[in-house]
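This is what each chain is made of:
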Amino acid sequence: MAHINENFQKLPGSYLFAEIARRTAAYQAANPDKQLIKLGIGDVTRPLAPSVIQAMHKAVDEMGSADTFMGYGPYEGYDFLRQDIITHDYAPYGVSLSKDEIFVSDGAKSDCGNIGDIFSVNNVVAVCDPVYPVYVDANAMAGRAGDYDGEKWTELVYMPCTAENGFFPELPVKVPDMIYLCFPNNPTGMAATKAQLKLWVDYANEHGSVILYDSAYEAFIREDGIPHSIYEVPGAKTCAIEFRSYSKTAGFTGTRCAYTVIPKELKVNGVSLAELWLRRQSTKYNGCPYIIQRGAQAIYTEQGKREVKAVIDHYLENARIIREGLAEAGLTVYGGVNSPYVWAATPDGIGSWEFFDRLLQQGNVVTTPGAGFGPSGEGYIRLTGFGDTEQTKQAVSRIKAML
Ligand code: PLP
């Protein structure tokens, strides 16, 4: 008789987005004349850049001709893309990498979850609180999280990130073996400085921990002095894996392309994690499609760079409108400078869900309650710059009028 992985039965339902959808639908059904504006959306809305489309069209044509047709590609991605990643994403920041340290994939979500395959189930895992839920649920499925007590997982180390610590986690007393960090952060929208990351790199090297650094929002970094890669921090190559994605960088949420960097120097008990990851990927994954990798490569041309930057500037402008508008309305706001996410404290300390309901019913604006990202998200809401600028402006004036 087969037995299931019982860890799946410990998982709470995906309450957050289901509950937002339920409350939104109920309000809309009762008020069909109201025009709701969605600022909770975590997906991009602008189309793919013309350079990307052109490159993918060309690749489609190549697939249609016997002499240029491509079958299975390399598990770790084509050389052309890995070389451009090194040249354009890392070299300008003084980080030298070689192609066998880059692993192209179909998404940072899958990589952040799948990376657990190469680690022991007995490792202690630390996550920021609030957190992108994938790190938590993937480790719960693997059996590293213990039991869910209705608020937290018993075996995870939660590292609160609140206004009190500048939304940057403090070094935990109980030393974790695997540490998920994400900067610029989802959901708080806050970026980390090199000095802040250095604390973690030193801590991880001292204790033999591995940092799993999610850099999915790197392309939104605009301020000087904010590192674009954890490898800008001395010592990071012996303790950190970095995840990158074309999803928010170039509108690939539906197209799917990302990559993970594992430096050769990163070893656990003398075993190379890059070698383990290649073994894992070559067994369970057959590579990101050629057409998609050609599309991703197009963002590294001069024209492609300009096009994707213009789209990110558009989202950042929306984030600025939200950030400044809510501040004018009297709310305390964070993030939204090097990130599409704005994290706002609820007025008078009311609960996230209560404020969500008020914004929905009185302002007709849909947001995301911070409590859905973890206990320390209580008392905050998340708004995103991924919408349309006119609608964003309208939503902000509604919130201002309401408050
Ligand atoms: N990491 C973070 C922090 C995210 O917010 C997201 C998407 O929202 C992802 C990873 C997923 O990236 P991908 O689309 O490449 O799977």
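To start, this report covers the structure provided alongside it. Note that residues are indexed from 1 along each chain, following the sequence as it is written. Owing to the predicted nature of the model, reporting of local features is limited to residues with pLDDT of at least 70; listing and counting of side-chain atom pairs is limited to 80 or more, with chain, interface and lining totals taken over all residues. Heavy atoms from the whole structure form the basis of all side-chain values; hydrogens and water molecules are not counted.

## What about empty space enclosed by the protein?
Keep this limit in mind: Cavities and pockets were defined on a 1 Å grid built over protein atoms only: a cavity is a set of grid points that admits a 1.4 Å probe from which the probe cannot escape, a pocket is an open set flanked by protein on both sides within 12 Å along at least five of seven lines, and lining residues are those with an atom within 4 Å of any such point. Grid points are joined across faces, edges and corners, and a volume is the space filled by probe spheres set on the points. A helix here means a DSSP run of H or I that spans at least four residues, while a strand means a run of E at least two residues long, and both kinds are numbered starting from the N terminus. Under the scheme applied here, ten amino acids are nonpolar (Ala, Val, Leu, Ile, Met, Phe, Trp, Tyr, Cys and Pro), four are charged (Asp, Glu, Lys and Arg), and all others, including Gly, are polar.
Throughout the structure, instances matching the rule amount to 2 cavities of 30 Å³ or more. For the largest cavity, the full set of lining residues is Arg-46, Pro-47, Leu-48, Ala-49, Lys-248, Thr-249, Ala-250, Gly-251, Val-308, Val-311 and Tyr-315. Looking at the lining of the largest cavity, the elements with two or more residues in it are helix H8 (246-250) and helix H11 (302-328). Here the residues of the lining of the largest cavity sort into 7 nonpolar, 2 polar and 2 charged. In this structure, the second largest cavity occupies an estimated 50 Å³ of space. The element contributing the most residues to the lining of the second largest cavity is strand E5 (residues 178-182), with 3 residues. Classifying every residue of the lining of the second largest cavity gives 8 nonpolar, 2 polar and no charged.

## Examining the site of the ligand
Stated formally: Nearness here has a simple test: a residue counts as near a molecule or strand if at least one of its heavy atoms is within 4 Å of that partner. A 3.5 Å cut-off defines polar contacts: any pair of N or O atoms within that distance qualifies, except that in protein one atom must be a possible hydrogen donor and the other a possible acceptor, and neighbouring residues in sequence count only when both atoms are side-chain atoms. Areas reported here follow the Shrake-Rupley algorithm with a probe of radius 1.4 Å; residue values treat only the protein chains shown as occluding.
Taken together, 14 residues lie around the ligand, and Asp-214, Tyr-217, Ser-245, Ser-247 and Arg-256 are the ones closest in. In this structure, Asp-214 approaches the ligand through a side-chain N or O atom, which is 2.6 Å from a nitrogen atom. Between the ligand and Lys-248, the relevant distance is 2.9 Å, taken from an oxygen atom to a side-chain nitrogen or oxygen of the residue. About the coverage of the ligand: the protein hides 91% of its 400 Å² of free accessible area. Of all the secondary structure elements, the ones that give two or more residues to the shell around the ligand are helix H5 (108-114) and H8.

## Description of the nonpolar core
In plain terms, the rule: For this analysis, a nonpolar core means a set of buried residues of the types Ala, Val, Leu, Ile, Met, Phe, Trp, Tyr and Cys, connected via side-chain atoms within 4.5 Å. Categorising residues by exposure relies on relative accessible area from a 1.4 Å probe, with only protein chains included: less than 20% of the type maximum marks a residue as buried, more than 50% marks it as exposed, and the intermediate range marks it as partly exposed. Contacts are assigned to residue pairs with any non-hydrogen atoms lying within 4.5 Å of each other.
Residues Ile-211 and Tyr-246 are the most contacted members of the largest nonpolar core, which totals 67 residues. Leaving out residues up to four positions away in the same chain, Ile-211 has contacts with Ile-179, Leu-181, Trp-200, Val-201, Ala-204, Ile-230, Cys-239, Ala-240 and Ile-241. Listed in part, the 27 residues of the second largest apolar core include Phe-103, Ile-118, Val-131 and Tyr-180.

## Considering unusual backbone geometry
Along the chain, Phe-183 connects to Pro-184 via a cis peptide bond; the corresponding omega equals -10 degrees. Following Asn-186, the chain continues to Pro-187 via a peptide bond in cis, the omega torsion being 20 degrees. Within the secondary structure, Pro-187 is located in the loop between E5 and helix H7 (194-207). Of note, Arg-256 is a non-glycine position whose phi angle comes to about 75 degrees, a positive value. For Arg-256, the position within the fold is in the loop between H8 and strand E8 (258-261). The partly exposed category is assigned to Arg-256, whose relative accessible area is 30%.

## Comments concerning helix H12 (residues 352-363)
Just so we agree on the cut-off: Multiplying one less than the number of residues by 1.5 Å gives the expected span of a helix. What the arc covers is the set of directions going from the helix axis to the C-beta atoms.
Over its 12 residues, H12 extends 15 Å from the first C-alpha to the last, a length consistent with the 16 Å expected when each residue adds 1.5 Å. Listed as buried for H12 are Ser-352, Trp-353, Phe-355, Phe-356, Leu-359, Leu-360 and Gly-363. Projected onto a plane normal to the axis of H12, the buried residues spread over an arc of 165 degrees and lie on a single side. For H12, the elements touching its buried residues are helix H2 (15-30), strand E13 (365-366), strand E14 (368-369), strand E15 (380-384) and helix H13 (389-402). Note on H12: the residue one or two positions beyond its end, Asn-364, has a positive phi of about 55 degrees.

Spatial relationships are all this shows, so hold off on functional conclusions.
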